[in-house]
Amino acid sequence: MTSMTYSLRGRLGPLGRLGRLGRLRTLVPTPLLVLLALLAALLLAACGGGDETATPLNNPNVRPLSADFTTRKAVNYSPYRTSANVNELVNENITEAMVRQDLELMRAAGFGIIRTFDSSDKVAKLTLDTIFKFGIDMKVQLGAYVNNADEGGNQAELARMIALASQYRDIVIGVSVGNETMVEWSFNKFAPEVIGRYLQQVRAAVRQPVTTNDNFAFWASAPNVVTDHIDYVALHTYPELDTVFNPTLFNWKQESVAPAQRAAAMMDAAITEAKRQFQLARKHLDRKGLTALPIVIGETGWNAENVGRLAFRAHPVNQKMYVDRLLAWQAEGRAGNGPRTVFYFEAFDEPWKQGDDKWGLFNVAREARFVIQSLGTCGVTWACEAGSYTLADAVFFSSAVPGPAVTANRYTLYSEATAPGTEQTAGGLRWDAFDGFTVVAPEVNNDAAPNDGTRSLRLTTNPAPYGWGFLRQSGTGATDNLSGFANGHLVFSIKTTYAGKIEIGMGSDTVNRDGAEVFLQIGNGDYGYRNNGQWVQVSIPLRDFVAKNPKLDLSLIRSRFIIADRWEVTGNFARTGLPPLSLDGIYWQK
């Protein structure tokens, strides 16, 4: 998943905060991933699972995994606690005492291997130093973060990895170059030939087994230029997120199962899907003659809290149900029928990930979640997160039911001015940014749209590689029934000199919970919009949104207003130092 300070994948898309991440993965055609999986399944269906004691044809000198991989529990680890966004990470102070506390908590939970995402002094070296200094019984899969725009930085990072792997030879039991760099939707995408060159370079300089961490969709068709230079596969599988990006990939809803048993059936379906994804990679490797190349699950996990579009999935009990099933699968793997180990994602919550947070076995306050509380004693082994649960508290899918329709003539999102007739001001909403960047939107005085008081919002963007976005939504995923506005307009005032088109959008739930979103790209002259640095009022008929995406359900509106610029959609180009956009008088009008 997110490779710490560097490769924010934004898994929950614009409606996830709304905004993995994007990845912004909603911008990537998910059918491509499905097609890849289907093609692999069809082509490889005749191939059986591999005998991992055999010798691979392509690399007869494959290095065996340490026995630690098959005897220890594994987890992804990153120490960040206080940063609220990616830009704050560079200044966050990570201390030896913090890392030691984390390591001791992970050991208390039974974990004996951690994976780091990089080889930086700030995280990886400090972690290894701490393990060595205090004699903590912990092994490490050491990562190297590589950036597709910084070859010099990549070489420095690989040098750090090689040095640490040599210095801490008894602690580092594997090294991994890159994180989700070759899968189709990667935001830090490399050609396999480049990663293959890095792998060859590192493998010639270290004694440990070497790999690269990537999504199953890559491993299901991995080329020789990569597989010739690895000793094991580190595969990522996220069935929970796949229910968002391709809701029909597997039957995650289990609607035919009675409600009392549905949560368990859903979690069984999720682990079955993870196993299927594993088998796609296993069969591909076997077909290449790499039957002896072992696979570990490099990342998989389940959210303890709903961070956007994960209603009916994310919950502390569901997280525990998934982890329990992972441990059973891991036991199968160690008997030769699956992964050699499973690196759970992740040990601790990291608030800087925003819409990609809440995967932790511990929350950011280092309180044990329900998933691991039974492994110790609350108040003795560790502090425990508030809340008391049983398996009966697990959440499960149910169809969406619209609430009462808003009867007011105007539904106001942001405005000081009142409307004649009936008006309802939206409650319980917040402003959120898409994942992968930050938006600063303070309320400023003495700069407002005509006849709308004295205040407005001034948006300043710090784009991600794909662009930026900002939206008005409920933090809980609550919807409003705005079906009565079908013949009305979305109205807002804007003042900017922003070059090129901007996007205006909205998003809804749907009865089957698949969700729908729509963006209109507007330029000068469209709906009253001008980028002339003066206040202008824009009025867009709601029917234009519905016409562009008929799946939009006005009775289940979730994101009431979105403003964005995704480069590949607007035709704009990635740039910094963007001018601000001032917003005022935002409402739906019948």
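Since the model is a prediction, treat every value here as computed from it, not as a measurement.

> An account of the confidence of the model for the protein is needed here, citing residue identities and associated values.
For the protein, per-residue confidence averages 89 on the pLDDT scale, and residues scoring 70 or more make up 89% of the total. Within the model, the stretch residues 2-57 combines pLDDT values under 50 with 204 contacts to residues more than four positions away or in other chains.

> Let's hear about unusual backbone geometry: which residues, and what values?
Trans peptide bonds make up the majority, and among non-glycine residues the majority have a negative phi. Note that the residue after F345, namely E346, is joined by a cis bond; omega there is 5°. With respect to the helices and strands, the residue E346 is situated in the loop between β8 (342-344) and α13 (370-373). The backbone of R513 sits at a positive phi, close to 70°, despite the residue not being glycine. Considering the arrangement of structural elements, one finds R513 in the loop between β17 (502-508) and β18 (516-522). Although it is not a glycine, Y527 sits at a positive phi angle of roughly 60°. Its location among the elements puts Y527 in the loop between β18 and β19 (536-541). Given a relative accessible area of 30%, Y527 falls into the partly exposed group.

> Tell me about the packing of aromatic side chains, and name the residues and values.
Aromatic ring pairs: the centre-centre distance and the angle between the two ring planes describe each pair. Going through the model one piece at a time under the given rule, you end up with 23 aromatic pairs. Between F345 and W359 the ring centres are 5.9 Å apart and the planes differ by 75°, which places this aromatic pair in the edge-to-face class. Placement of F345 in the loop between β8 and α13 and of W359 in the loop between β8 and α13 is noted, with a sequence separation of 14 residues between them. The exposure classification of F345 matches that of W359, with both residues buried. Judged by centre distance (5.6 Å) and plane angle (80°), the rings of F362 and W382 are edge-to-face. In this pair, F362 is assigned in the loop between β8 and α13 and W382 in the loop between α13 and β9 (410-414), connecting sequence segments 20 residues apart. By relative accessible area, which is 3% here, W382 ends up buried. Members of the aromatic cluster, joined through ring pairs, are Y77, F348, F362 and W382. Above the plane of the ring of F573 lies R575, whose end atom (NZ or CZ) is 5.2 Å from the centre.

> Residues and numbers for the pattern of salt bridges, please.
For the structure on display, the rule yields 32 salt bridges. In this structure, D447 engages R458 in a salt bridge whose closest nitrogen and oxygen atoms are separated by 2.8 Å. Taken together, the positions of D447 in the loop between β13 (443-445) and β14 (455-462) and R458 in strand β14 put the pair 11 residues apart, joining distant regions of the chain. One connected set of salt bridges, linked through shared partners, spans D68, R72, R107 and D137.

> Give a description of the sheet that holds β18 that names residues and reports values.
Pairing is antiparallel in the open sheet, where five strands are placed in the order β11-β15-β20-β17-β18. Of all strands in the sheet, those with a lone pairing partner are β11 (429-433) and β18, marking the two edges. Between one strand and the next, the sheet's axes are offset by a mean angle of 20°, whatever the strand orientation. Sheet topology places β17 next to β18; seven bridges connect them, and they run antiparallel.

> Can you lay out the pairing of strand β3 (residues 139-144) for me, pointing to particular residues and giving the numbers?
With six of six residues buried, β3 is to be regarded as a mostly interior element. Both faces of β3 are covered, namely the face carrying K139, Q141 and G143 and the face carrying V140, L142 and A144. By the bridge criterion, three bridges tie strand β2 (residues 111-115) to β3 in an arrangement that is parallel. Of the residues in β3, the one forming a bridge with R115 is Q141. Where the polypeptide runs from β2 across helix α5 (residues 121-134) and back to β3, its parallel neighbour, the crossover connection is right-handed. Two strands pair when backbone bridges link them, and β3 and strand β4 (residues 172-179) are joined in this way by five bridges, in the parallel orientation. Looking across to β4, one finds that A144 is bridged to V177.

> Which residues make up the environment of P209, and what values go with them?
With respect to the element layout, P209 can be found in the loop between α7 (192-203) and β5 (210-215). Through-space distance from the C-alpha of P209 to that of V172 is 9.8 Å; in sequence the pair is 37 residues apart. Ignoring any residue separated from it by four or fewer positions in sequence, one finds P209 in contact with R63, P64, L65, I173, G174, V175, D231 and Y232.

> Can you explain the sheet that holds β8? Please cite residues and give values.
Pairing between the strands of a sheet is mediated by backbone hydrogen bonds and can be parallel or antiparallel. The eight strands are arranged β1-β2-β3-β4-β5-β6-β7-β8 in a closed barrel whose pairing can be described as parallel. Strand-to-strand twist across the sheet, computed as the mean angle between neighbouring axes with direction ignored, equals 25°. Here four bridges tie strand β6 (residues 233-236) to strand β7 (residues 295-300), and the two strands are oriented parallel to one another. Paired with H236 across the two strands is E299, which belongs to β7. Sheet strands touched by α5: β2, β3 and β4. Its angle to β3, the strand with the most contacts, is close to 165°.

Thresholds, definitions, all that
- Here the residue numbers are simple positions, counted from 1 along each chain's written sequence.
- Totals for whole chains, interfaces and linings use every residue, but because this is a predicted model, local features are given only for residues with pLDDT of at least 70 and side-chain atom pairs only at 80 or more, for both listing and counting.
- The side-chain values count all of the structure's non-hydrogen atoms but skip hydrogen atoms and water molecules.
- What pLDDT conveys is the predictor's confidence in a given residue, as a value from 0 to 100.
- Throughout, a residue-residue contact means that at least one pair of heavy atoms, one from each residue, lies within 4.5 Å.
- To qualify as a helix, a DSSP run of H or I must reach at least 4 residues; to qualify as a strand, a run of E must reach at least 2; elements of each kind are numbered from the N terminus.
- Exposure classes here rest on a 1.4 Å probe applied to the protein chains alone. A residue is buried below 20% of its type maximum, exposed above 50%, and partly exposed in between.
- Two aromatic rings from Phe, Tyr or Trp, using only the six-membered ring of Trp, form a pair when their centres are within 6.5 Å; if the ring planes differ by under 30 degrees the pair is stacked, by over 60 it is edge-to-face, and anything between is tilted.
- To sit over a ring, a charge needs its Lys NZ or Arg CZ within 6 Å of the ring centre and within 35 degrees of the ring normal.
- The working definition used for a salt bridge is a side-chain nitrogen of Lys or Arg within 4 Å of a carboxyl oxygen of Asp or Glu.
- Strands qualify as paired when DSSP identifies two bridges or more between them.
- For helices, the axis comes from a line fit to the C-alpha atoms of the stretch in contact; other axes are also lines fit to C-alpha atoms, and the angle between any two N-to-C directions lies between 0 and 180 degrees.
- Consider the strands pointing away from the viewer: the crossover is right-handed when the path from the first strand over the helix to the second runs clockwise.

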